[in-house]
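What follows is the residue order along each chain.
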Amino acid sequence: MVTPKKPTDTSHLIDELTGSSRLRRTRRCPWMRAMVAEARLSPADLILPIFLIEGEDREESIDAMPGVSRFTIDHAVLVAKKAASLGIPLIAPFPNVALEKRDTTGSEITNPDNIICEFIRAVKAAVPEIGVMTDAALDPFTDHGHDGVLRDGEIVNDESVEQIVAGALVQAEAGADIIAPSDMMDGRIGAIRVALDEAGYQDVAIMSYTAKYASGFYGPYREAIGTEGLLQGDKKTYYIDPANSEDAMREAQQDIDEGADMLMVKPGMPYLDIVRRMKDEFSMPVFAYQVSGEYTMIELAAAAGVVDGDRVRMESLIAFKRAGADGILTYHAMHIAEKLNAQSPAIT
Ligand code: PBG
């Protein structure tokens, strides 16, 4: 280690250490940074979740998710139309189902006229240019808030899969483009694929929530779909333990073997290492879900004035792209698509 004697020695020393390389050259100005940026974000990377409620002409705000609402189908269709006009390719409806329609087996998911199916038909009629991806998990439809059928305190796998498959079929029949089961039951991807094919829905794709973690970051979502007071216990017997990544990789391999077209990692920001591993390991589209708790943390920090909201929203999303995600399911989608469309070319 050479110790410089006086300040003028420093640049000589740095030249010796770095050779002629000066990494700051490519960070010098906006056009240069834009030119060398590896990851880019566009509205086409965004998937917009939309919360649904029954009834007409109503929008309800969600206390735990500032800026996010539940919409009746008529309003939700207008949201979908706006999303399409901004270049968002796909929407993901999540329903807040009336309590009297929820039961132990989530049987309402099999009703071809349930709120999800009604919404799919309405969007397909009014906004055919946008894709619709539906979850086939049972939690919005069960009176205990679990993603499967509850028997003697246990979420039973195979009976849950039957119910999930029945749900996927009515969703496909209503016009869903992508079935995205988020329940983590074993064997559900293969069972859904076979059932879809047998029913003639070969073109309906499956995005598997392949690495879904038992996470505290889902908190605000439970208020959004009205399961927060219902959920008995937790979901640790079927979601992945946050300590694990091998488990996620085995799950992904199985889902691919069973016929998944795309993979999803959820939550997003605390699990970007899993996104990167999946992208490196499998030649598959990999998506990530920036979940409700991640959204609300950013919104509350921005509202408190301790971070610059737009800056960290954008930064959080570019981080997904850098980690290898092909797209992001995010409650920021609409706002960010507007920003991206306004700043063209994107130089920050
Ligand atoms: C359950 C489901 C969850 C979310 C969507 N569907 C997790 C849960 O409630 O346990 C969370 C989404 C979010 O937090 O934004 N199938």
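Data block above holds the structure.
Everything numeric in this text was worked out from a predicted model, so none of it was measured. Numbering of residues begins from 1 in every chain and follows the order in which that chain's sequence is written. Where local features are concerned, this predicted model is filtered to residues with pLDDT of at least 70; where side-chain atom pairs are given and counted, the filter is 80 or more; whole-chain, interface and lining totals use all residues. To get the side-chain values, all heavy atoms of the structure are used, and hydrogens and water are removed first.

Moving on to the overall build of the protein chain. Secondary structure is summarised from DSSP: a helix means a run of H or I of at least four residues, a strand means a run of E of at least two, and numbering begins at the N terminus for each. From N to C terminus, the protein chain includes twelve helices and twelve strands. Put simply, the radius of gyration uses C-alpha atoms, and a globule should come to 2.2 Å times the residue count raised to 0.38. A compact globule built from 348 residues would reach a C-alpha radius of gyration of about 20 Å, and the protein chain, at 22 Å, matches this within 12%. Dimensions of the protein chain along its principal axes, counting C-alpha atoms only, are 80 × 40 × 40 Å. We call a residue buried when its accessible area falls under 20% of the maximum for its residue type, exposed when it is over 50%, and partly exposed in between, using a 1.4 Å probe and counting protein chains only. Per-residue burial over the protein chain gives 51% buried out of 348 residues. Residue contacts follow a heavy-atom distance rule, with two residues in contact if any of their heavy atoms lie within 4.5 Å. Long-range contacts, defined here as pairs at least 24 residues apart, represent 75% of the contacts in the protein chain between residues at least 6 apart. Residue-level accessible areas treat just the shown protein chains as cover; the underlying method is Shrake-Rupley with a 1.4 Å probe. Taken as a whole, the protein chain presents about 16,000 Å² of accessible surface, with 52% of it coming from carbon and sulfur. Only four residue types enter the charge count: Lys and Arg as positive, Asp and Glu as negative, with His and the chain ends excluded. Charge coordinates come from a single atom per side chain, which is NZ of Lys, CZ of Arg, CG of Asp or CD of Glu. The average position of the 34 basic charges and that of the 55 acidic charges among the side chains of the protein chain differ by 13 Å.

On to the site of the ligand, then. Proximity is defined per residue: if any heavy atom of the residue lies within 4 Å of a molecule or strand, that residue is considered near it. In the region of the ligand, 17 residues are neighbours, and Ser 182, Arg 222, Lys 266, Ser 292 and Tyr 331 sit closest. Polar contact is defined as a pair of N or O atoms within 3.5 Å, subject to the rule that within protein one atom must be able to donate a hydrogen and the other to accept it, and that residues adjacent in sequence are counted only when both atoms are side-chain atoms. Contact distances for the ligand include 2.8 Å between an oxygen atom and a side-chain N or O atom of Lys 235. In this structure, Ser 292 approaches the ligand through a side-chain N or O atom, which is 2.7 Å from an oxygen atom. Protein chains shield 100% of the accessible area of the ligand, which is 400 Å² for the free molecule. Note on residue classes: Ala, Val, Leu, Ile, Met, Phe, Trp, Tyr, Cys and Pro are nonpolar, Asp, Glu, Lys and Arg are charged, and everything else, Gly too, is polar. Its residues placed into classes, the shell around the ligand shows eight nonpolar, two polar and seven charged.

Each reported salt bridge corresponds to a side-chain nitrogen of Lys or Arg within 4 Å of a carboxyl oxygen of Asp or Glu. Considering all chains together, one arrives at 22 salt bridges under this definition. Close ionic contact of Glu 60 with Arg 58 constitutes a salt bridge, the shortest N to O distance being 2.7 Å. On the basis of relative accessible area, Glu 60 is assigned to the partly exposed category, the value being 26%. Two residues, Asp 147 and Lys 235, come together in a salt bridge whose shortest N-O distance is 2.7 Å. Taken as a pair, Asp 147 in the loop between β5 (131-134) and β6 (149-151) and Lys 235 in the loop between α7 (219-224) and α8 (246-258) lie far apart in primary sequence, 88 residues in all. We classify Asp 147 as buried; its relative accessible area is 0%. Among the residues examined, Lys 235 registers a relative accessible area of 6% and is labelled buried. One connected set of salt bridges, linked through shared partners, spans Glu 299, Asp 310, Arg 313 and Lys 339.

Where helix α12 (residues 333-342) is concerned, the buried positions are Ala 333, Met 334, Ile 336, Ala 337 and Leu 340. Angular distribution of buried residues about the axis of α12 spans 165°; they occupy a single face of the element. Next to the buried residues of α12 lie β1 (46-52), α3 (73-85), α11 (309-323) and β12 (327-330). What the arc describes is the spread of directions from the helix axis to the C-beta atoms.

What we call a nonpolar core is a set of buried Ala, Val, Leu, Ile, Met, Phe, Trp, Tyr and Cys residues that are connected through their side-chain atoms within 4.5 Å. In terms of nonpolar packing, the biggest core is built from 108 residues, with Phe 51, Ile 91, Met 133 and Met 278 touching the most fellow members. In terms of residue count, helix α5 (residues 157-174) provides more of this core than any other element does, seven residues in total. Leaving out residues up to four positions away in the same chain, Ile 91 has contacts with Leu 48, Ile 50, Ala 80, Ala 83, Phe 119, Val 123, Ile 130, Gly 131, Val 132 and Met 133.

Only rings of Phe, Tyr and Trp enter the pairing, Trp through its six-membered ring, and a pair is recorded when the two centres are within 6.5 Å. The plane angle decides the type: under 30 degrees is stacked, over 60 is edge-to-face, the rest tilted. Overall, the coordinates contain eleven aromatic pairs when judged by the stated rule. Centre to centre, the rings of Tyr 238 and Tyr 239 are 5.1 Å apart; their planes meet at 75°, and the pair counts as edge-to-face. Each member of the pair, Tyr 238 as well as Tyr 239, is classed as buried. Aromatic side chains Tyr 289 and Tyr 331 sit 6.1 Å apart centroid to centroid with 45° between the ring planes, which places their arrangement in the tilted category. Residue Tyr 289 is found in strand β11 (residues 286-290), and its partner Tyr 331 is found in the loop between β12 and α12; the two are separated by 42 residues along the sequence. Of the two residues, Tyr 289 and Tyr 331, both sit in the buried class. For a Lys NZ or an Arg CZ to count as sitting over a ring, it must be within 6 Å of the ring centre and within 35 degrees of the ring normal. Sitting above the plane of the Tyr 218 ring, Lys 212 keeps its charged end 5.5 Å from the centroid. Over the ring of Tyr 221 we find Lys 266; its NZ or CZ atom is 6.0 Å from the centre of that ring.

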